[in-house]
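Notes for the structure review
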Amino acid sequence: MPLPAIDTTFLDHMPPNVAVQFLDRVAASPGRDAFLFPRIEPGSTEEQWHSVTWREVGERVNRLAAGLVSLGVEPEQRVGIASQTRYEWLLADLAVMCAGGATTTVYPSTNDDDTAYILGDADCRVVFAEDESQLAKIAQHVGELPNLGKIVVFDECAVPAGLDADRVLTLDALAELGEQFLAERPDVIEQIAKAIAPDQLATLVYTSGTTGRPKGVRLLHRSWVYEGAAIEAQKILSEDDLQFLWLPLSHVFGKVLLSTQLAIGFPTAVDGRVDRIVDNLAVVKPTFMGAAPRIFEKAHARIVTMVEAEGGAKKVLFARAFAVALKRDQLLRAGKGVPLPLKLQYAVLDKLVLAKIRARFGGRVRFFISGSAALNPDIASWFNAAGITILEGYGMTENSAGATVNHPDLNKIGTVGPALPGSEIKIGDNDEVLIRGPHVMAGYHNNPDATAQVLTEDGWLHTGDKGTIDADGYLSITGRIKDIFKTSGGKYVSPALVEAKFKALCPYASQFLVFGAEKNFAVALVTLDPEAIAGWAKENGLEGKEYADIVTSPQAREMVAGYVEQLNAKLNRWETIKKFDILERDLTIESGELTPSLKVKRNVVEQNEKQRIEAFYAGS
């Protein structure tokens, strides 16, 4: 049965823009915590979590926004932010919103050429740069950015050669400029906020792209306000929740969670260091978090491999706990009762095994939200059985991140949920998913031809994804249309579905890429997770060996072959993997084979490994 209809009258009462939405939140929740972030307090050498109230954030943002206005930032003029996720990123973005400007996001891992292209194409007038490394990228191309004025750094650092020191300000210096400006015009930010129209440009997010230059997606104030309001209307979060935010704020998935926070008012703990996620969860104890599927895959693999390494009674108990939990979960999701003997077994095993897994994530998580790529249903079911709900959602940069999301009261594993209230989803030609609503972009910046290719005159966005919608309105994604290939035998293969199945089976896998377009069989390239494979190496006589030596060893190949055999048993004949090879390295953002949101650039890998792939078919 479908979810009860959600009242969409909220569409008539949304704040007109992000600036007013923020100022309203400050007024409504002045004394409540807004953000928590790690810092080293004076006199200490260790990081501690520090909290700030909405009132404190409001005062700081007001000064920073006034500082931007004093520098000449006008409505819709672009202001860049080149930084990892941190508290200062949020302050900068909110200040840009309140000054009437438009944030232009730059991933901290973006190379200097693309950084210069983005800042130039956006015509940024001011840039927030995290540290010396980001400042250096700008310095190398400053001559190509004639309209760039001041650069505001989050961390005090040396000014690199090529930059005039007078052009570089600290965040505190910008706030001081703002204070001076406010002394003469105390209500300037409130006036600017009230004048921002819903269709005014709020954000330029450049898609990382797999070919050519990145495209700037023009997202409006109404898009972000709508996203937050649509989540609020579903009543799955409240002011009493606590979010942990590590996702790149340069990506729309991270940005939309800020919009949701402004709409609802819960506090957010912020730390973008990926290697600290697990440690932070144990300390912060959040009630929810957004993440890419790779995070859940790694967590699942780590727990499974740790148990495998311990072996003995613990391994037996673990296997029994999940057998019981999965059986119970299947009954509950089918709407059936749980027999008393199964209830009793579950109660005991939950305390002995499953509660310890939940504790690894802080012990208070009500749900995770998964997005940016497909989550394997087997991994989602495994977490669900452990009492950790993962709500899978779907969207893209071009629709401000959120198009659909599952609901805690009806979480259909294997789907990405129904459309957000107040928007529409339909299936078009070639089973393509189409989206329409307030969250859809205004178009690509300086690129009308590309805009015309994906936006129809009546407002439908072509996603390029293939999907189906069930009787309850829940969307399922079957793959990227451009990635689905046909074998020489005329059969279609969705590589994403095959790849996700393998990663659910093999706890040592990092990536599994399937190829075979117009060939008579499918093949795969495999990479192994460096952390997971190090533990495996200890158990298989390879301790102390270099990563490349471990993954190319006969033992590793035999191990992977076993998992490929298990995979093939779950596939149609034409989907089965006939040949595979293990790469000597893992894919990384730095190598250009992963986007900053951890999506694989399939065509880049295919080009890099062209000879290896062609060798699979030599003589066939």
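Counting of residues starts from 1 at the beginning of each chain's written sequence and follows it residue by residue. Since the coordinates come from a predicted model, pLDDT governs what is reported: local features require at least 70, and pairs of side-chain atoms require 80 or more to be given and counted, while whole-chain, interface and lining totals use all residues. Think of the side-chain values as coming from all heavy atoms in the structure, minus any hydrogens and water.

**Focus on the environment of A442**
Where helices and strands are cited, they refer to DSSP runs of H or I of at least four residues and of E of at least two residues respectively, numbered from the N terminus. With respect to the helices and strands, A442 occurs in the loop between β17 (432-436) and β18 (443-444). Separated by 243 residues in the primary sequence, A442 and D199 place their C-alpha atoms 8.6 Å from one another. We call two residues contacting when some pair of their heavy atoms lies within 4.5 Å. Other than its neighbours up to four places away in sequence, A442 contacts R218, L220 and L455.

**Here we look at the nonpolar core**
Of all hydrophobic cores here, the largest spans 136 residues; its most connected members are V57 and F128. With ten residues, helix α3 (residues 87-98) is the single largest residue contributor to this core. Ignoring any residue separated from it by four or fewer positions in sequence, one finds V57 in contact with F22, A34, F35, V52, Y87, L91 and L94. Grouped together as the second largest cluster of nonpolar side chains are 31 residues, C506, A509, A524 and V551 included. Among buried residues, those of type Ala, Val, Leu, Ile, Met, Phe, Trp, Tyr and Cys that are joined through side-chain atoms within 4.5 Å constitute a nonpolar core. Only protein chains enter the accessibility calculation, which uses a 1.4 Å probe; a residue whose area is less than 20% of its type maximum is buried, one above 50% is exposed, and one in between is partly exposed.

**Overview of the side chain of N376**
In this structure, N376 sits in the loop between β13 (367-370) and α14 (377-385). For the purposes of these results, a polar contact is taken to be a pair of N or O atoms within 3.5 Å, where, inside protein, one atom must be able to donate a hydrogen and its partner to accept one; residues adjacent in sequence count only when each atom of the pair is a side-chain atom. A distance of 2.7 Å separates a polar side-chain atom of N376 from the backbone nitrogen of D378. With residues near it in sequence (within four places) discarded, N376 still touches A500, K501 and A504.

**Quick word on the sheet that holds strand β6 (residues 151-153)**
Whether two strands pair depends on DSSP finding at least two bridges between them. The eight strands are arranged β7-β6-β5-β3-β4-β8-β9-β18 in an open sheet whose pairing can be described as mixed. Strands with a single pairing partner mark the edges of an open sheet, and in this sheet they are β7 (168-170) and β18. Pairing analysis gives three bridges linking strand β4 (residues 102-106) to strand β8 (residues 201-206), with the strands arranged parallel. By the bridge assignment, T104 is partnered in β8 with L204. Convention adopted: a line fitted to C-alpha atoms gives each axis, helices being fitted over their contacting stretch, and angles between N-to-C directions are expressed from 0 to 180 degrees. Against the sheet, α3 makes contact with β3 (78-82), β4, β5 (126-129) and β8, and its axis sits at roughly 150 degrees relative to β4, the strand it touches most.

**Remarks on unusual backbone geometry**
Notably, K235 is not glycine yet its phi reads approximately 55 degrees, a positive angle. Here K235 is to be found in the loop between α8 (221-233) and β10 (243-245). Accessibility expressed as a relative area gives 71% for K235, which makes it exposed. Positioned with a positive phi, S400 is a non-glycine residue whose angle comes to about 60 degrees. Assignment of secondary structure puts S400 in the loop between β14 (390-394) and β15 (404-405).

**Examining the environment of Q453**
You can see Q453 is positioned in helix α15 (residues 448-454). Overall, Q453 belongs to the exposed group, its relative accessible area being 63%. Once the C-alpha coordinates of Q453 and K327 are considered, the two residues, 126 residues apart in sequence, prove to be 47 Å apart.

**As for a nonpolar patch on the surface**
Here the term patch refers to residues with relative accessible area over 30% and no salt bridge, with like charges joined within 9 Å and nonpolar side chains (Val, Leu, Ile, Met, Phe, Trp, Tyr) within 5 Å. Note on areas: Shrake-Rupley, 1.4 Å probe, and residue coverage restricted to the protein chains presented here. Any carboxyl oxygen of Asp or Glu within 4 Å of a side-chain nitrogen of Lys or Arg constitutes a salt bridge here. A surface patch of nonpolar side chains, about 230 Å² in accessible area, is lined by L317, V348 and L352. Relative to the helices and strands, V348 is located in helix α13 (residues 340-360).

**Some remarks on the packing of helix α1 (residues 18-28) against helix α9 (residues 252-264)**
At a minimum axis separation of 8 Å, α1 and α9 run at an interaxial angle of 45 degrees. Considering the angle they form, α1 stands oblique to α9. In the packing of α1 onto α9, the handedness of the crossing is left-handed. On α9, the residues touching V18, Q21, F22 and R25 of α1 are S259, Q261, L262, A263 and I264. By the convention adopted, Pro, Cys, Tyr, Trp, Phe, Met, Ile, Leu, Val and Ala count as nonpolar, Lys, Arg, Asp and Glu as charged, and the other residues, Gly among them, as polar. Its residues assigned to classes, the contact of α1 with α9 comprises five nonpolar, three polar and one charged. Should an angle fall under 35 degrees it is called roughly parallel, over 145 degrees roughly antiparallel, and 65 to 115 degrees roughly perpendicular, with every other angle called oblique. Take the far helix as the reference: if the near one is turned anticlockwise from it by less than a right angle, the crossing is left-handed, and if turned clockwise, right-handed.

**Examining the state of the cysteines**
Here, disulfide denotes a covalent bond that connects the sulfur atoms of two cysteines. Working definition: a disulfide is two cysteine sulfur atoms within 2.5 Å of each other. Applying the stated criterion to the full structure yields zero disulfides. We note that C157 lacks a disulfide partner, and the nearest cysteine sulfur, in C124, lies 18 Å from it. By relative accessible area, which is 25% here, C157 ends up partly exposed.

**A word on the pattern of salt bridges**
Scanning the model with the defined rule gives 38 salt bridges in all. Here R602 makes a salt bridge to E499, at a shortest N to O gap of 2.8 Å. With R602 in helix α20 (residues 602-608) and E499 in helix α16 (residues 495-505), the pair connects residues that are 103 residues apart, well separated along the chain. Exposure class is identical for R602 and E499. Each is buried. A salt bridge links R557 to D581; the shortest N-O distance between them is 3.9 Å. In this pair, R557 sits in helix α19 (residues 554-568) while D581 sits in strand β25 (residues 577-582), placing the two residues 24 residues apart along the sequence. Among the residues examined, D581 registers a relative accessible area of 23% and is labelled partly exposed.

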